[in-house]
Every structure is written in structure tokens, then in C-alpha cells.
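What follows is the residue order along each chain.
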Amino acid sequence: MVFSNNDEGLINKKLPKELLLRIFSFLDIVTLCRCAQISKAWNILALDGSNWQRIDLFNFQTDVEGRVVENISKRCGGFLRKLSLRGCIGVGDSSLKTFAQNCRNIEHLNLNGCTKITDSTCYSLSRFCSKLKHLDLTSCVSITNSSLKGISEGCRNLEYLNLSWCDQITKDGIEALVRGCQGLKALLLRGCTQLEDEALKHIQNYCHELVSLNLQSCSRITDEGVVQICRGCNQLQALCLSGCGNLTDASLTALALNCPRLQILEAARCSHLTDAGFTLLARNCHDLEKMDLEECILITDSTLIQLSVHCPNLQALSLSHCELITDDGILHLSNSTCGHERLRVLELDNCLLITDVALEHLENCQGLERLELYDCQQVTRAGIKRMRAQLPHVKVHAYFAPVTPPTAVGGSGQRLCRCCVIL
């Protein structure tokens, strides 16, 4: 029996252990720990491994040391399926080796920001955690190609891998990884600055089920690599190319011709992309929902016209620093199906040709939730006020420069500083 004679609470006497465990399974970590202090019976129930299948220690990151992870692994054992140690900088290889040995059914592991870990941790995961499907190694800067080789040999069920800012990774590591983990659906490589087109060729050859790929700030990537990815991974739905400054319309053409299911495209700071490339993309990728085109400085209203006609599901669009966009482009966007029904976020920072007329057009976008207008110098407070009278729920972020009175010398008002206004 779980309950002793000293545990005579009514709930303990009336409900069977199985039902109590079911109730406890809905409690969060903090509540479980509090319940464990009520009585011996509740301590046993609260600390039962079946209640600890999913653990997130992010809110306790400053207090989590290696021994905490070891104790959790011993308590939970094979019950644990999901563990987040995001930001737990006190956790190292030794404790994670103990964890891997005890929790061999782990499927989802987040080690984002655990900067002490090295290749040794990945060797342990490879050896003991063959059921692992989701692994986040963001900012684990000591990780090298050796880790990827180990993961490919022992974690062949992996579907999601985040290697962002692991800047020691090269094409050799990517090749080893994809040879063993051919079921990858999401691969995040932000800030892996040593990667070149050959790494993408390896991904193309083996990861035909890939749905999401992030190459942000992989500045050595060229059109050749993107073309290869598009030809081999035509199930892509999300692609981030922001900061890949070498890309041209050839990359957009490859996307348009090979990846019709594309929903998210981030191409910020790809300053060589033009209306021609986005026209072809819009005409072939009708499922687009989110586009980040910040600092695509060559695009004009023509791109907005094509998106308005061909992409009815568009929900979020960033055009910041696209200085050729005018009120006419916003008119077409506002009058389109996506403008009327879908558009939620529109960023127009530093679009210097945008005026209050554009805000009048945006009154048609009844679903608009956020509008960014930083440094749109022809937009006025009065224009924003009129728009918000029609769209009271929208949050507008803008800069306005206070005007100083004329100086004693007779100078006119000058802009001295800028202030952020959220209306």
C-alpha cells in the first residue's frame, strides 16, 4: 500500500493510487514539488517518474547545476520524454552522460545555451539515446564535426536539429550528419559561418524530407548552393536566407520552380534580389504566409502587386528599408484578398516614400494587428490617429522628432532627438 495509517486524508482514502497519479500528471514542476512536501504518501505520488515525462527548467536556469540533472535522471528514468535545459550554463558533460544513461527514452532535448558542453555530450547521446527526435544545440560553441558524426551513428531517428551559432561546423560535419539522419525535417544552421555551397549539396543528396532550413548569416552561400537545395528538397515550407548577401534572382527562380509549398521566406539583407525574382516566386508559390524582405533595396511596388495578386494567404510582410516602395504599392496590397482577410503584421520602417495616404489604404486591412513606421518621415501623427479611428486594435510603432522653437539667431526649428511612440 502507498498510504500508511498516518495518511488519513479523505482524498487518500477514497481515491485509488492510479486515479491520484492521473490527477498529479496535470501539475507543473513547482506544484509537484509543493505536493511532495504535504505527506509521505503525496511525496511518493508527486515524485513518481510517470509525472515527470516533460520537464522545462528554463525558469530555474541560474540554480540548475549538474547534480540536479543527475538526480532528475535517476528519478525519472525511462519515463522522461522531453527535457529543456535552455540557459542552464552550469550543466556540463559529466551530468549529461549520467542523464543519457538513465533516460534512454528521451525524444526531445533542448540544450540551448549550455555553453559548457562539448563533443562528449553528443557521444553520450549517440550511445544511449537512440530514440532522440528533437535536439537543440544552439550556442553550444564547443561542438565540432565530431559531434555530428556521433549523432549520425546513434540518433538516426532525428527529425529536428538546431546548430545555430555552432561556428566550428563545416561541410564535413554536415556530410556525416545527413548520411546517418536522412529523416531530418528541420535543420537550423544560423551563424554557421564556415558553411559553403558544398554543405548544401550534401543536404540535397540525403534530406529529401526537409521542410525547414535556416541559413541565416551563412555568408559564403551562393546561388549554386540554394539551387541545389531547391532541386533536392522540394518539400521545403520554410527557408531563411537572411544575411546571405551573395544571392541573386537565380535563387528565387530555383525556389519558384521547385518548392511550390513554400510558406515562409526570410531574405533580409539580400540586396541583389529584384522584382523579377519575386514576380516569378509569387506566381508559383501561392501558399506564402510570411516574408521578410528587409533591405531588399531593389524591389519596388511591382513586387507588392504580384504578391497581392498571387499570394492570398500572406499574413506578415517586412519591407523595412525598401526605399522604393510607395503608397501605390500599399494600395494594391490593401485591396487584395490577403489585405482584406489575412494580413496581420506590416513593417515599413525607413520606407521614405510612404505617406499618410498609405495609412488611408491600410484601413481596408481589418485584421491588421501591428504596423511599424520607424523613420517614415512623411507619416504624421494626424495620419496615424485617423487610421486608428478605423482600426482601434492595431499597434503602431513610429518615431517622431520633436521640433524646437526658433533660435535667437533666427534659425528655424530643428530635429534634435527622436522618441519612440507606440499608439
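Higher on the page you've got the structure.
This structure is a prediction, so every number in the text was calculated from the model and none was measured.

J.: Please explain the overall build of the protein as it appears in this structure.
T.: Scanning the protein from N- to C-terminus turns up 18 helices and 15 strands. Taken over 423 residues, the protein has a buried fraction of 51%. Residue pairs at least 24 apart in sequence account for 76% of intrachain contacts in the protein once pairs closer than 6 positions are excluded. Here the protein has roughly 19,000 Å² of accessible surface; of this, 49% comes from carbon and sulfur atoms.

J.: Sorry, what's going on with the nonpolar core here?
T.: Looking at soluble globular proteins, one finds that nonpolar side chains tend to be buried together. Among the nonpolar cores identified, the biggest contains 118 residues, and Ile 203, Leu 265, Leu 281, Leu 346 and Leu 371 are the most heavily contacted of them. Excluding residues within four positions of it along the chain, Leu 346 makes contact with Leu 317, Leu 319, Ile 330, Leu 333, Leu 362, Leu 368, Arg 370, Leu 371 and Glu 372. Counting residues in hydrophobic clusters, the runner-up holds seven residues, among them Leu 21, Phe 24, Cys 35 and Ala 41.

J.: Would you explain the state of the cysteines in this entry?
T.: One way to say it: the disulfide is the covalent bond shared by the sulfur atoms of two cysteines. Applying the stated criterion across every chain yields a total of zero disulfides. Cysteine Cys 218 shares no disulfide, and the gap to the nearest cysteine sulfur, in Cys 192, comes to 5.7 Å. Among the cysteines around Cys 233, which has no disulfide bond, Cys 207 carries the closest sulfur, lying 6.4 Å off.

J.: I would appreciate a short explanation of the pattern of salt bridges in the present structure.
T.: For side chains bearing opposite charge, pairing can occur when the charged atoms are close. According to the stated counting rule, one finds 11 salt bridges in the structure shown. The salt bridge involving Glu 65 is made with Arg 67; its shortest N-O contact spans 3.7 Å. With relative accessibility at 43%, the residue Glu 65 sits in the partly exposed group. Here Glu 153 makes a salt bridge to Lys 149, at a shortest N to O gap of 2.7 Å. Here Lys 149 and Glu 153 lie together in helix H8 (residues 145-154), a separation of four residues that amounts to about one turn. Overall, Glu 153 belongs to the partly exposed group, its relative accessible area being 47%. On the basis of relative accessible area, Lys 149 is assigned to the partly exposed category, the value being 46%. One network of salt bridges, in which partners are shared, links Glu 347, Arg 370 and Glu 372.

J.: So what exactly am I meant to see when it comes to the packing of aromatic side chains here?
T.: The description of two aromatic rings rests on the distance between their centres and on the angle between their planes. Within this structure, the stated rule accounts for one aromatic pair. Measuring from centroid to centroid gives 4.7 Å for Tyr 374 and Tyr 399, while their planes differ by 45°, and the two rings are tilted. Within this pair, whereas Tyr 374 is found in the loop between strand S13 (370-373) and helix H18 (381-390), its partner Tyr 399 is found in strand S14 (residues 395-400), the two being separated by 25 residues in sequence. Here the basic side chain of Arg 86 rests over the ring of Phe 58, its NZ or CZ set 3.6 Å away from the ring centre.

J.: Sorry, what's going on with the packing of helix H9 (residues 171-180) against helix H10 (residues 197-206) here?
T.: Two measures define how a pair of helices packs: the angle their axes make with one another and the distance between the axes. Running from N to C, H9 and H10 point in directions that differ by 5°, and their axes come no closer than 8 Å. Between H9 and H10, the crossing angle belongs to the class labelled roughly parallel. Across from Lys 171, Ile 174, Glu 175, Val 178 and Arg 179 in H9, the residues of H10 making contact are Glu 198, Ala 199, His 202, Ile 203 and Tyr 206. Residues of the contact of H9 with H10, tallied by class, amount to five nonpolar, one polar and four charged.

About the thresholds
Residues numbered from 1 in each chain as written. Predicted model: local features only at pLDDT ≥ 70, side-chain atom pairs only at ≥ 80, totals over all residues. Heavy atoms only, no water. Helix = DSSP H or I, 4+ residues; strand = E, 2+ residues; numbered from the N terminus. Buried < 20%, exposed > 50% of the residue type's maximum accessible area, 1.4 Å probe, protein only. Contact = heavy atoms within 4.5 Å. Areas by Shrake-Rupley, 256 points an atom, 1.4 Å probe, with all protein chains shown as cover. Core = buried A, V, L, I, M, F, W, Y, C linked by side-chain atoms within 4.5 Å. Disulfide = S-S within 2.5 Å. Salt bridge = Lys/Arg side-chain N within 4 Å of Asp/Glu carboxyl O. Phe/Tyr/Trp six-rings, centres within 6.5 Å; stacked < 30°, edge-to-face > 60°. Lys NZ or Arg CZ within 6 Å of the ring centre and 35° of its normal. Axes fitted to C-alpha atoms, helices over the stretch in contact; angles between N-to-C directions. Parallel < 35°, antiparallel > 145°, perpendicular 65-115°, else oblique. Nonpolar A, V, L, I, M, F, W, Y, C, P; charged D, E, K, R; others polar.

Just distances and angles here, no functional claims.
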